[in-house]
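One letter stands for each residue in the lines below.
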Amino acid sequence: MHILLLEDDIDLGQAVSDHLESAGHEVYWCKLIAQARGITCDMALFDLNLPDGDATTLLRDWREQGIQTPVLALTARDQVSDRIRGLQAGADDYLVKPFDLDELLARVEAVRRRSTPSPRLKVRDNEIDLEHRTVIRGGLVLDLTALEWAILRCLANRPGRIHSRAEIESEISAGGLHSGDSNTLEVIISRLRKKMGTEAISTHRGLGYRLDV
């Protein structure tokens, strides 16, 4: 996985980064909240108390933008109220310092399992196979363009949740694609609806799009 680590403690950050990389993960280590903004990742590990502010502000921004990247909060705060505040801001799990690095890996895997969709997803009369990048409707495999699949995969990663325009476009860019001037997001969504059925994807004005399971 591509993991964003937000931690200003040099020794701890280096230890966590090395341990995650030894387990096969790619780590983007940031020491300030400002450095972490705009980074696309599969999972994030946030120390909540940073030199340039409280990381729960970034976490709330993500959730308000529809970014559902799993977040594991790492902090020395051991008060129950602090844990609750972190979870209410949108954290998926909470680990109090000091912690064992192997326990951290176990927590990362647990959060990943909870956040990873099933390889096969039923949406109305469509069957989406994320592993093999196919959509079957009425016994026929749909012919999707690279852009259509990129958008559908983004929506399918969190079915039933609203995904913001910024989140979808970030996923497209991360895949090395771009919508272009003529192929706007709305046009591509319209094409997907024609292929999958109009009720497969719903529009939420001012918020984004949702794959309706």
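Refer to the preceding data block for the structure.
Everything in this summary refers to the structure shown in the same document. (Residues numbered from 1 in each chain as written. Predicted model: local features only at pLDDT ≥ 70, side-chain atom pairs only at ≥ 80, totals over all residues. Heavy atoms only, no water.)

On to the nonpolar core. By size, the foremost hydrophobic cluster in this structure holds 26 residues, and its most contacted members are Ile128, Ile151, Leu152 and Leu211. Listing elements by their share of this core, those giving two or more residues are strand S8 (120-123), helix H6 (146-157), helix H7 (165-174), helix H8 (185-196) and strand S14 (208-211). With eight residues, H6 is the largest single contributor of residues to this core. Among the nonpolar cores identified, the runner-up in size contains 20 residues, and Leu48, Leu58, Leu59 and Tyr94 belong to it. (Core = buried A, V, L, I, M, F, W, Y, C linked by side-chain atoms within 4.5 Å. Buried < 20%, exposed > 50% of the residue type's maximum accessible area, 1.4 Å probe, protein only. Helix = DSSP H or I, 4+ residues; strand = E, 2+ residues; numbered from the N terminus.)

Now for the layout of surface pockets. In this model, the largest pocket occupies a volume close to 900 Å³. As for the largest pocket, its lining consists of 31 residues, and the residues nearest its centre are Thr40, Cys41, Asp42, Thr69 and Glu171. When contributions to the lining of the largest pocket are tallied by element, the ones reaching two or more residues are helix H3 (56-64), helix H5 (101-115), H6 and H7. Element by element, the count of residues in the lining of the largest pocket is highest for H7, at five residues. Classifying every residue of the lining of the largest pocket gives 13 nonpolar, 11 polar and seven charged. (1 Å grid on protein atoms, 1.4 Å probe; cavity = no way out; pocket = protein on both sides within 12 Å on 5 of 7 lines; lining within 4 Å. Points joined across faces, edges and corners; volume = space filled by probe spheres on them. Nonpolar A, V, L, I, M, F, W, Y, C, P; charged D, E, K, R; others polar.)

As summarised here, the arrangement of the three strands in space is S12-S14-S13, forming an open sheet in which the pairing is antiparallel. Two strands in the sheet have a free side with no partner beyond their single neighbour: strand S12 (162-163) and strand S13 (201-204). The sheet contact formed by S12 and S14 spans two bridges and is antiparallel. Counterpart to Ile162 in the pairing with S14 is Arg210. Strands in contact with H6 are S12, S13 and S14; relative to S14, the strand with the most contacts, it is inclined by about 75°. (Pairing = 2+ DSSP bridges. Contact = heavy atoms within 4.5 Å. Axes fitted to C-alpha atoms, helices over the stretch in contact; angles between N-to-C directions.)

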